[in-house]
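Residue-level listing of the chains:
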Amino acid sequence: MSISQVLFYFLSALALGSALMVVISRNPVHSVLWLIVTFFAISGHYIMLNAQFLGIVNMIVYAGAIMVLFLFVIMLMNLNAETEPQKNKWMKFAGVVSGGCLLMVLIAALKEAEVKGKATELVTGEIGLIDNLGKALFTDFVVPFEISSVLFLSAMVGTVVIGKREAKEA
Amino acid sequence: MNIEHYIVLSVALFCIGIVGVLTRRNAIIIFMCIELMLNAANLLLVAFSKMHYAAAAGQPATAGIDGQLFVFFIMVVAAAEVSVGLAIIVMMYRNVHSVDVNFLNRLKH
Amino acid sequence: MKNIIDLAWLVPLFPLIGFLVNGLFRRQLTKPLTAIVGSGTVLASFVVSVLIFFAVKNGQTGTVTLFPFIQISDLSVPFAFQIDQLSSLFLLIITGVGFLIHVYSAAYMNSEEPPHYARYFSYLNLFVFSMLLLVMGANFVILFIGWEGVGLCSYLLIGYWFRNTEYNNAAKKAFIMNRIGDVAFLLAIFWMIHKLGTVTFATPDQTGVFDLVASKLTATDITGITLLLFIGATGKSAQIPLYTWLPDAMAGPTPVSALIHAATMVTAGIYMIARSNILYTLAPVTQGIIAIIGLATAILAATIALKQNDIKKVLAYSTVSQLGYMFLGLGVGAFTGAVFHVMTHAFFKALLFLGAGSVIHAMHHEQDIRRMGGLKRYLPVTHLTFLLACIAIAGIPPFSGFFSKDEILAAAYAKNPVYYWLGAATALLTAFYMFRLYATTFLGSFRGTEEQRHHLHESPALMTIPLIVLAILSVAGGWVGIPEVLMPDAHALEKFLAPIFAASSARTTPHAIPHSTEYLLMSITVVGAAIAIFVATARYRRKPELHEATGFGKILANKWYVDELYNFIIVRPLNWLSRFLANFIERDVIDWLVNGMGKAVQYTSRQVRLLQSGQVGSYVLLMVLSILILVAVQFFVKK
């Protein structure tokens, strides 16, 4: 077993395990923290695939910004394990079962896929490097790039509008 | 690593995310599980981009770059979505003083 | 001169015109005009019938086709009339007696209002029209049209005084019982069409029913068809088991009873069987059944008549009994005898009814004989004609009834002596109850009120003249059928009708009974009848039966409780069935089903609505499940 394989399995195990903990934890704060661990694992996968830019961006944006936002909101509402509402047993059971079934079906569909046996290049590869990405982004994909900035603007405006307290009507 | 390994990993993460959405009642946790699902998809996209790169044997040099650019845009959208979504949840909390999705059943009417 | 037979369609046309004129213009016509139109049309038909009769007597017979009526692939039923000996004889009887009764009615119904007076005559004309169609039809379908028509007119005329519910019930009873018989008749026609492909009686090229019956039908077919036809006849001609309508039909006006329920409609069954004689000759089983039922009906009705106190009811049961005689004649193969008895019975029974009408008219619509008596000196003409009719029906020679009854009884003896003895017993009963009626009504002292006695007077000429004519016919009418035994070669009627019954006569070996035996049989019945007459007259002139009947008499007075029996076994179960169907099936099953569908839809929609729970979680679950199914289908099913 080469080192990349070992690393792959380790990172995968970490990702799956922490994802499970996200779902299972009763304290929402713990869920957030486990999710951050999951993001770290996934970023590790990115780095292994030599998608360096994405790996770093994943860390910064997701784990850094989005999760922090989540934590803010959770702290704001002062949620902890006692006030956590629990779905009834049957719903949970149904949820788990249907999720499991979906997993089974998707993996079974894999058997028929044409992409079986194709290898992914680990560690090496030029496309994950930032200058290649940047070149493609600013030449072929410049329009979506600009529009995404408009998207951000509208999201910001929307958030502020939604979050504003209504003036009390007399 | 063959692509099947990545596919299995992504699908597993995705399904865990689904189980989380179905099982939890806290709206914020549900939101987080959605993020988990998005990330699973991202991972798979990156893996496929490298697969295409490997299959093209390096020529042209940017074969398969679409996958990674797609992931980039997904992250953009995810960020925007999280901010708006959390704003909505905060507003609901201000009205109902709870983030239990069972209370948020106005769609019934 | 044009062949009168080709103008045979005039005969039913006149009464049809009379029906339309009197029916449509009943508010505009005056009573005398109505009576003239109504009676005149029948008179015109009578004149044509006489001409036709003479033509037929000279040997001319034929079929007159008016138009093709039913034409379906192989089945061809033309609207055609058959003029031969049998139909021309019946034409004479129907139009002749019918005319006399129309004249009588003009006076009898005079107390009615003009529109209703005209309604009466239009119905009566319609009846004559239907009866003519019946006897003139050249195939079973036309016969059946007339058959139905007379049933309808019977209903209309019995229920003529429609404001009385009991009369309406009697009319309904008559019609419904007729219809039961008609079902059997129709089945017979269908059977004929199925097996033979035709319903025409006989054609020159040997393709009629009567021509093909010997070759194409099996014994089962013939027995079946004849039995079904006979059941139809029991309904129309009031035999067991469908006879109970006839006594109730006395609710109609008396001339109606005379025409329809004595002289013509009830003889339709006999006509039909006489016409189909070849069928019956080939079905000895059915003939046996006919003889037995005829005899049983004759005896049953005679016993009931012994204890009836309504003048018309006695005559009604007498009619049923005499019809039984006619069927007995048909059953033992005496076709001529049966037709002969139809003729003589038409004369004296019509006379009896019209006489009874005269009595009722004089007594201001009183019909109970216990309140009559001694009418001899108040109603002389009525009395004399009534007496003559009673002697005729009792079978005393040389009156008409003797000859026809004797012919039937002789043939019965030849077939089976038991038939003769029972028939003779019935003849004695007939004589007895008729003279009971005569003595109670006309002899002795008057038992009614002073008020009624004041109003007793003889009927007007329009009523008495028909009585006299019919009396002459009752006396002399039998002289066309004098049997071999008394005068050789004098049976004019038999010679006249021979062609009709030729096929049957060829097939049966005549049981000739020796002349001495026949004299003996005749004497027994005559002497027996004479004794019965004297006993009855002597007893009832002195001491009429005024009290209610007791013991066995009570059973007879209550008609052997047959109506009650029918009510119990037929009417009550039918009522129960219809109640069951209405309440249970209709309400609980069908309505439940229909309402249930509505409720099921409501229930389903209520349940489906629950899907819209508003819970986002369940929506997501559904989404996941759907994706699951879609993926599974995509990858694993659609290969």
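Residues numbered from 1 in each chain as written. Chains lettered and ligands numbered in written order. Predicted model: local features only at pLDDT ≥ 70, side-chain atom pairs only at ≥ 80, totals over all residues. Heavy atoms only, no water.

### Notes on the overall build of chain C
A count of helices and strands for chain C gives 25 helices and two strands. A total of 639 residues make up chain C; the buried ones form 56% of that total. Of the contacts made within chain C by residues no fewer than 6 positions apart, 80% connect residues no fewer than 24 positions apart. Entry remark: accessible area of chain C is about 26600 Å², with carbon and sulfur atoms responsible for 68%. (Helix = DSSP H or I, 4+ residues; strand = E, 2+ residues; numbered from the N terminus. Buried < 20%, exposed > 50% of the residue type's maximum accessible area, 1.4 Å probe, protein only. Contact = heavy atoms within 4.5 Å. Areas by Shrake-Rupley, 256 points an atom, 1.4 Å probe, with all protein chains shown as cover.)

### Quick word on the overall build of chain A
Scanning chain A from N- to C-terminus turns up six helices and zero strands. What you see in chain A, going N to C, is helices and strands ordered as α-α-α-α-α-α. The buried share of chain A, reckoned over its 170 residues, is 38%. For chain A, long-range pairs separated by at least 24 residues make up 62% of all intrachain contacts whose partners lie at least 6 apart in sequence. A total of about 9700 Å² of accessible surface is found on chain A, and carbon and sulfur atoms cover 72% of it.

### Focus on unusual backbone geometry
All names here are of chain C. The omega angle of the peptide bond from I240 to P241 is 0°, so this bond is cis rather than trans. For P241, the location among the structural elements is in the loop between α8 (219-236) and α9 (245-248). Of the consecutive residues P397 and P398, the connecting peptide bond is found in the cis state with omega at -5°. One can find P398 in the loop between α16 (380-394) and α17 (400-415).

### Description of the interface of chain B and chain A
For an interface, size is often stated in terms of accessible area lost upon the parts coming together. Listed as interface residues are 72 residues of chain B and, on the opposing side, 82 residues of chain A. Counting the surface lost from both chain B and chain A, the interface buries some 7100 Å², and carbon and sulfur atoms represent 78% of this. The tally of links from chain B across to chain A stands at zero salt bridges. In this assembly, chain B and chain A are joined by five residue pairs in polar contact (both at pLDDT 80 or more). Listed by contribution, the elements that provide at least two residues to the side of chain B that touches chain A are α1 (3-23), α2 (27-55) and α3 (65-96) of chain B. If one sorts the elements of the side of chain B that touches chain A by residue count, α3(B) sits on top with 23 residues. (Buried area = accessible area lost by both parts, 1.4 Å probe. Salt bridge = Lys/Arg side-chain N within 4 Å of Asp/Glu carboxyl O. Polar contact = N/O pair within 3.5 Å; in protein donor to acceptor, adjacent residues only side chain to side chain.)

### Comments concerning the packing of aromatic side chains
Residues and elements named next belong to chain C. One pass over the full model with this rule turns up 38 aromatic pairs over all chains. Consider the rings of F90 and Y271, whose centres lie 5.0 Å apart with planes at 70°: the pair is edge-to-face. You can see F90 sitting in helix α3 (residues 85-108) and its partner Y271 sitting in helix α11 (residues 268-275), a full 181 residues away along the chain. By the burial criterion, F90 is buried, and Y271 matches it. (Phe/Tyr/Trp six-rings, centres within 6.5 Å; stacked < 30°, edge-to-face > 60°.)

### Digging into the pairing of strand β1 (residues 62-72) of chain C
All names here are of chain C. Pairing geometry for β1 and strand β2 (residues 75-83), over nine bridges, is antiparallel. Residue pairing in the sheet places F67 in a bridge with F79 of β2. With antiparallel pairing between neighbouring strands as the criterion, β1 and β2 make up a hairpin whose turn holds two residues, including S73 at a positive phi of roughly 40°. (Pairing = 2+ DSSP bridges.)

### A closer look at the packing of helix α18 (residues 417-442) of chain C against helix α22 (residues 515-542) of chain C
Residue and element names in this part refer to chain C. With their axes 8 Å apart at the nearest point, α18 and α22 run at an angle of 30° to one another. In terms of axis orientation, α18 runs roughly parallel to α22. Taken as a pair, α18 and α22 cross one another with a handedness that is right-handed. Residues Y420, W421, A424, L428, A431, F432, F435, R436, A439 and T440 of α18 touch α22, and the partners they reach there are L521, I524, T525, G528, A529, A532, I533, V535, A536, T537, Y540 and R541. Here the contact of α18 with α22 is composed, by residue class, of 16 nonpolar, four polar and two charged. (Axes fitted to C-alpha atoms, helices over the stretch in contact; angles between N-to-C directions. Parallel < 35°, antiparallel > 145°, perpendicular 65-115°, else oblique. Left-handed = near helix turned anticlockwise from the far one by under 90°. Nonpolar A, V, L, I, M, F, W, Y, C, P; charged D, E, K, R; others polar.)

### Regarding a positive patch on the surface
Together, C:K376, C:R377, C:R541 and C:R542 give the surface a local cluster of positive charge. Turning to its location among the elements, C:K376 is positioned in the loop between α15 (335-362) and α16. (Patch = residues over 30% accessible without salt bridge, like charges linked within 9 Å, V, L, I, M, F, W, Y side chains within 5 Å. Lys, Arg positive; Asp, Glu negative; His and termini not counted. Charge placed at Lys NZ, Arg CZ, Asp CG, Glu CD.)

### As for the environment of B:A12
In this fold, B:A12 is placed in helix α1. Residues B:A12 and B:M37, spaced 25 residues apart in sequence, show a C-alpha to C-alpha distance of 9.7 Å. Apart from the residues lying within four places of it in its own chain, the contact partners of B:A12 are A:L16 and A:L103.

### Section: the pattern of salt bridges
Residue and element names in this part refer to chain C. The tally for this structure, following the rule as stated, stands at ten salt bridges over all chains. Across the pair E148 and R179 runs a salt bridge whose closest N-O atoms are separated by 2.6 Å. Separated by 31 residues along the polypeptide, E148 in helix α5 (residues 140-158) and R179 in helix α6 (residues 165-196) bring together distant segments of the chain. On the accessibility criterion, E148 (22% relative accessible area) is partly exposed. Of the charged contacts in the structure, one is a salt bridge between E366 and R371, with a shortest N-O distance of 3.0 Å. Here the salt bridges do not stand alone but share partners, grouping K173, D248, K559 and D563 into one network.

### Remarks on the side chain of C:S276
All names here are of chain C. Its place among the elements puts S276 in the loop between α11 and α12 (277-281). There is a polar contact of 2.8 Å between the side chain of S276 and the backbone oxygen of M272. Setting aside its immediate chain neighbours within four residues, S276 contacts F140 and F210.

### Some words on helix α25 (residues 616-637) of chain C
Taking 1.5 Å of rise per residue, 22 residues should cover 32 Å, and α25(C) covers 30 Å from first to last C-alpha, within 8% of that figure. Residues C:G617, C:V620, C:L621, C:V624, C:L628 and C:V631 constitute the buried set of α25(C). Relative to the axis of α25(C), the buried residues are bounded by an arc of 105° and lie together on one face. Residues of α25(C) that are exposed and point more than 90 degrees away from the buried face comprise C:M623, C:I629, C:L630 and C:V637. Those residues of α25(C) that are buried lie in contact with α4 (89-110) of chain A together with α1 of chain B. (Expected span 1.5 Å × (residues − 1). Arc of directions from axis to C-beta.)

### Remarks on helix α21 (residues 492-507) of chain C
Residue and element names in this part refer to chain C. The end-to-end C-alpha distance of α21, which contains 16 residues, comes to 22 Å, matching closely the 22 Å that a straight helix rising 1.5 Å per residue would cover. If you look at α21, its biggest bend is around 75°, right at F501. Within α21 the residues assigned to the buried category are L493, F496, L497, I500, F501 and S504. Of the surrounding elements, those touching the buried residues of α21 are α2 (31-57), α3, α11, α12 and α15. (Bend = angle between axes of the 7 residues up to and from the residue.)

### Quick look at the confidence of the model for chain C
Residues and elements named next belong to chain C. Looking at chain C as a whole, the pLDDT averages 86, with 98% of positions reaching at least 70. Across chain C, the secondary-structure element scoring lowest on mean pLDDT is helix α7 (residues 209-216), at 77, and the one scoring highest is α5, at 92. For this predicted complex, the interface score ipTM comes out at 0.88, while the overall pTM is 0.69. (pLDDT = per-residue confidence, 0-100.)

### A closer look at the packing of helix α4 (residues 114-136) of chain C against α11(C)
All names here are of chain C. Relative orientation of the contacting elements α4 and α11 amounts to 15°, with a least axis distance of 10 Å. It follows that α4 is roughly parallel to α11 by the angle criterion. You can see that α4 and α11 cross each other, and the crossing is left-handed. For the pair α4 and α11, the contacting residues are M131, L134 and V135 in the first and A268, Y271 and R275 in the second. Per-class residue counts for the contact of α4 with α11 are five nonpolar, no polar and one charged.

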